[in-house]
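Understanding the architecture of this molecule
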Amino acid sequence: MTGSVVVLNADLQILHKVSLEHSIRMIVRGVAEVHEAANEFIGTFIKPISVRLLKYVVTTWRYKRQPKWSKSGVLRRDSYKCAFCNGKATTIDHIIPRSQGGKNSWKNTIAACLPCNNRKADRTPSQAHMPLLFAAKVPDWTDLYKKDNFV
Ligand SMILES: [Zn+2]
């Protein structure tokens, strides 16, 4: 068996090509169904030209879409390091405090240890004379899922 078969996502977006053997295994495993077929049979199977995944696979959004803000995401992004003293961070600090209109966003939150967080309180870093050791940035997925974040 030779040839290649186009794999379509559940929304019919073209993903990639696989071998004919692979596409038939996908059908047998119930992951895909025949979308277009040639007027030919391979054993008992109709020869697919393209197959469509039955479940939508998220292959690209992970890399294109911005990760959703979360407290644990901020800690992971900053590798659990306090932005003020480089100690172990267990909390997140709002750079512009919420009391001054600061939002829960990647650029306005940073990892902090509890003592620094309490010391900074409802002030900006410049008001508190506590400069940030690193900047808050919008992370990409690799920042959030670095291996060393799971140790
Ligand atoms: Zn600290």
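Residues numbered from 1 in each chain as written. Predicted model: local features only at pLDDT ≥ 70, side-chain atom pairs only at ≥ 80, totals over all residues. Heavy atoms only, no water.

1. Considering the coordination of the zinc ion
Binding of the zinc ion to the protein goes through Cys82 (SG), Cys85 (SG), Cys113 (SG) and Cys116 (SG), at separations of 2.3 Å. Sequence positions of the residues that donate to the zinc ion give the spacing C-x2-C-x27-C-x2-C. One end of the pair, Cys85, is in the loop between α3 (71–77) and β5 (91–94); the other, Cys116, is in helix α4 (residues 114–120), with 31 residues separating them in the sequence. (Donors = N, O, S within 2.8 Å, 3.2 Å for Na, K, Ca; no water. Helix = DSSP H or I, 4+ residues; strand = E, 2+ residues; numbered from the N terminus.)

2. Details of unusual backbone geometry
One non-glycine residue, Leu12, lies in the positive phi region at around 70 degrees. By the secondary structure assignment, Leu12 is in the loop between β1 (4–8) and β2 (14–19). Positive phi, close to 55 degrees, is recorded for His129, a residue that is not glycine. Classification of His129 by relative accessible area gives exposed; the value is 67%. (Buried < 20%, exposed > 50% of the residue type's maximum accessible area, 1.4 Å probe, protein only.)

3. Regarding the sheet that holds strand β3 (residues 32–42)
Across the sheet, which stays open at both edges, the 4 strands sit in the order β2-β1-β4-β3 with mixed pairing between neighbours. Edge positions in the open sheet fall to β2 and β3, since each of these has one partner strand only. Strand-to-strand, the axes of this sheet are offset by a mean angle of 30 degrees, without reference to chain direction. With 5 bridges joining them, β1 and β2 adopt antiparallel strand pairing. Bridging across to β2, Val7 finds its partner in His16. (Pairing = 2+ DSSP bridges. Axes fitted to C-alpha atoms, helices over the stretch in contact; angles between N-to-C directions.)

4. Notes on the pattern of salt bridges
A complete count under the given rule lists 4 salt bridges for this structure. Put simply, Arg77 and Asp78 hold a salt bridge, and the shortest N to O gap is 2.8 Å. Its salt-bridge partner being Asp93, residue Lys120 comes within 2.8 Å of it at the nearest N-O pair. A residue pair is termed long-range when its members are at least 10 positions apart, and Lys120 in helix α4 and Asp93 in strand β5 qualify at 27 residues. Each member of the pair Lys120 and Asp93 is classed as buried. (Salt bridge = Lys/Arg side-chain N within 4 Å of Asp/Glu carboxyl O.)

5. Thoughts on the nonpolar core
Residues Cys82, Phe84, Ile110 and Cys116 are the most contacted members of the largest nonpolar core, which totals 18 residues. If you list the elements that add at least two residues to this core, you get α3 and β6 (109–112). Per-element accounting of this core gives the leading share, 3 residues, to β6. One finds Val5, Val18, Met26 and Val51 within the second-largest nonpolar core, a separate group that totals 10 residues. (Core = buried A, V, L, I, M, F, W, Y, C linked by side-chain atoms within 4.5 Å.)

6. Some details on helix α1 (residues 20–28)
Along α1, the residues classified as buried are Leu20, Ser23, Ile24 and Met26. The arc that holds every buried residue of α1, seen down its axis, measures 155 degrees, which confines them to one face. Following α1 by one or two positions, Gly30 adopts a phi angle in the positive range, close to 80 degrees. (Arc of directions from axis to C-beta.)

7. A word on the side chain of Ser50
Mapped onto the elements of the fold, Ser50 is located in strand β4 (residues 45–53). A distance of 3.1 Å separates polar atoms of two side chains, one belonging to Ser50 and the other to Glu36. Those residues in contact with Ser50, other than ones at most four positions away along the chain, are Val5, Val6, Leu8, Glu33, Val34, His35 and Glu36. (Polar contact = N/O pair within 3.5 Å; in protein donor to acceptor, adjacent residues only side chain to side chain. Contact = heavy atoms within 4.5 Å.)

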